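Breakdown of the fold
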Amino acid sequence: MKDARRPIAVFDSGVGGISVLRALVDLMPNENYIYYGDSIHAPYGSKTLEEVRALTEMHVLHLLEAGAKAVVIACNTATSADISILRERYQHIPMIGIEPAVKPAVESGEHPGVLVLATPMTIREMKFRTLLMRYEKDADIYPLPCPGLVEYIERGVLSGPSLEGFLEKLLAPYRYPEIDCVVLGCTHYPFVADAIRRILGPKVAVFEGGPGTARETRRRLQERNLLNPSQERGFVRFENSLDTPEEMRLCRMLLNSKENMK
Ligand code: DGL
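Okay, so let's go over this structure. Since the model is a prediction, treat every value here as computed from it, not as a measurement.

Re the overall build of the protein
Looking only at helices and strands, the protein features 11 helices and nine strands. Taken over the C-alpha trace, the protein has a radius of gyration of 18 Å; the compact-globule value for 262 residues is 18 Å, and the two agree within 12%. Based on the C-alpha atoms only, the size of the protein along its principal axes is roughly 55 × 40 × 40 Å. Burial statistics for the protein: of 262 residues in total, 56% are counted as buried. Across the protein, every contact between residues at least 6 apart in sequence was considered, and the portion connecting residues at least 24 apart equals 79%.

Here it is in structure tokens:
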């Protein structure tokens, strides 16, 4: 029983995984959470595979030493680079990864046009290639790497002319009816979902991986009898490699912001 009261660790290259943390807290408010963001080294999406693996493994080790009962890799990039290595290494700990929500998007309509926004690494890696191969006969899938977008969210810029200008340019070739849905395949992007919606128009449905990852985390904890039996609201502790009061404020603000999120 003591084990089940230990926190769930949530890891991301920066503040993006807070979109997954939000979904976890919504689904399991009685759990305790430690969130670690590596904002000093963000973005991970344009680093080498070796760099992303080394950073991810270092931070996961720290979270396990802090007593985590499970680890959620709330980063599509780190998941594609490292999840199989982590699962192999820590077989006794539930390791939950995230992948772009292509499946629900493809299943949302009859052969829809699906735009997938993600980091360059996520789109390059095998995990996404496999996902594409599985679904490309049922939809027109357009993978779009978005270098530069994560930096806005890391700076706390979630709206305004500079962000919208960047998105306008990036999304210019993609509009309804060719595009029916957009998959936010990086955990930072839900924080700018409103701006993306405004540009693509109200007919384009938006999909993100956070809620599915939260449900998968609950299943995996249940399987191992690790759900916290407490009826009280748990705690959320933030840690960040960029350990400044501004960064901590940004983390709290993102966790509590209702706007921009589904
Ligand atoms: N939030 C991350 C993801 O889901 C990575 C962003 C980055 O550091 O490039 O892919």
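Digging into helix α2 (residues 49–65)
Given a rise of 1.5 Å per residue, 17 residues ought to cover 24 Å, and the 24 Å separating the end C-alpha atoms of α2 matches this to within 8%. Every buried residue of α2 is accounted for by Val52, Leu55, Thr56, Glu57, His59, Val60, Leu63 and Leu64. Buried residues in α2 make contact with β1 (8–12), β2 (33–37), β3 (70–73), α3 (76–89), β4 (95–96) and α5 (120–124). Backbone geometry just downstream of α2 places Gly67 in the positive-phi region, at approximately 100°.

Comments concerning the sheet that holds strand β9 (residues 236–240)
Spatially, the five strands line up as an open sheet ordered β4-β3-β1-β2-β9, and their pairing is parallel. In this open sheet, the two strands that pair with only one neighbour each are β4 and β9. The strands that helix α1 (residues 18–27) touches are β1, β2, β3 and β9; relative to β2, the one it contacts most, it runs at about 170°.

What about the sheet that holds strand β6 (residues 140–145)?
Pairing in this open sheet of four strands is parallel, and the strands run β6-β5-β7-β8 from one edge to the other. The sheet is open, and its two edges are formed by β6 and β8 (205–208), each paired on a single side. Direction aside, neighbouring strands of the sheet carry axes that sit 20° apart on average. Of the strand pairs in this sheet, strand β7 (residues 181–184) and β8 are connected by four bridges, and their pairing is parallel. Within the sheet, the bridge partner assigned to Cys181 lies in β8 and is Ala205.

As for the site of the ligand
Taken together, 13 residues surround the ligand, and among them Ser13, Tyr44, Gly45, Thr77 and His188 come closest. Between Tyr44 and the ligand, the recorded distance is 2.6 Å, taken from a backbone N or O atom to an oxygen atom. Within the backbone of Asn76, one N or O atom sits 2.8 Å away from an oxygen atom of the ligand. For the ligand, the accessible surface in isolation is 300 Å², of which the surrounding protein chains cover 99%. Here the shell around the ligand is composed, by residue class, of five nonpolar, seven polar and one charged.

As for unusual backbone geometry
Trans peptide bonds make up most of the peptide bonds, and negative phi angles are found at most residues other than glycine. In the segment running from Ala42 into Pro43, the intervening peptide bond is cis, with an omega of 0°. Along the chain, Pro43 turns up in the loop between β2 and α2. Here the amide bond leading from Tyr176 into Pro177 is cis, since omega sits at 10°, within 30 degrees of zero. The topology assignment puts Pro177 in the loop between α8 (161–171) and β7. One non-glycine residue, His111, adopts positive backbone phi at about 45°. Summarising the element assignment, His111 is placed in the loop between α4 (102–106) and β5 (113–118). Of note, the phi angle at Asn225 is positive, near 60°, even though the residue is not glycine.

How each quantity is defined
- Residues numbered from 1 in each chain as written.
- Predicted model: local features only at pLDDT ≥ 70, side-chain atom pairs only at ≥ 80, totals over all residues.
- Heavy atoms only, no water.
- Helix = DSSP H or I, 4+ residues; strand = E, 2+ residues; numbered from the N terminus.
- Rg over C-alpha atoms; globule rule 2.2 N^0.38 Å.
- Buried < 20%, exposed > 50% of the residue type's maximum accessible area, 1.4 Å probe, protein only.
- Contact = heavy atoms within 4.5 Å.
- Expected span 1.5 Å × (residues − 1).
- Pairing = 2+ DSSP bridges.
- Axes fitted to C-alpha atoms, helices over the stretch in contact; angles between N-to-C directions.
- Near = heavy atom within 4 Å.
- Polar contact = N/O pair within 3.5 Å; in protein donor to acceptor, adjacent residues only side chain to side chain.
- Areas by Shrake-Rupley, 256 points an atom, 1.4 Å probe, with all protein chains shown as cover.
- Nonpolar A, V, L, I, M, F, W, Y, C, P; charged D, E, K, R; others polar.

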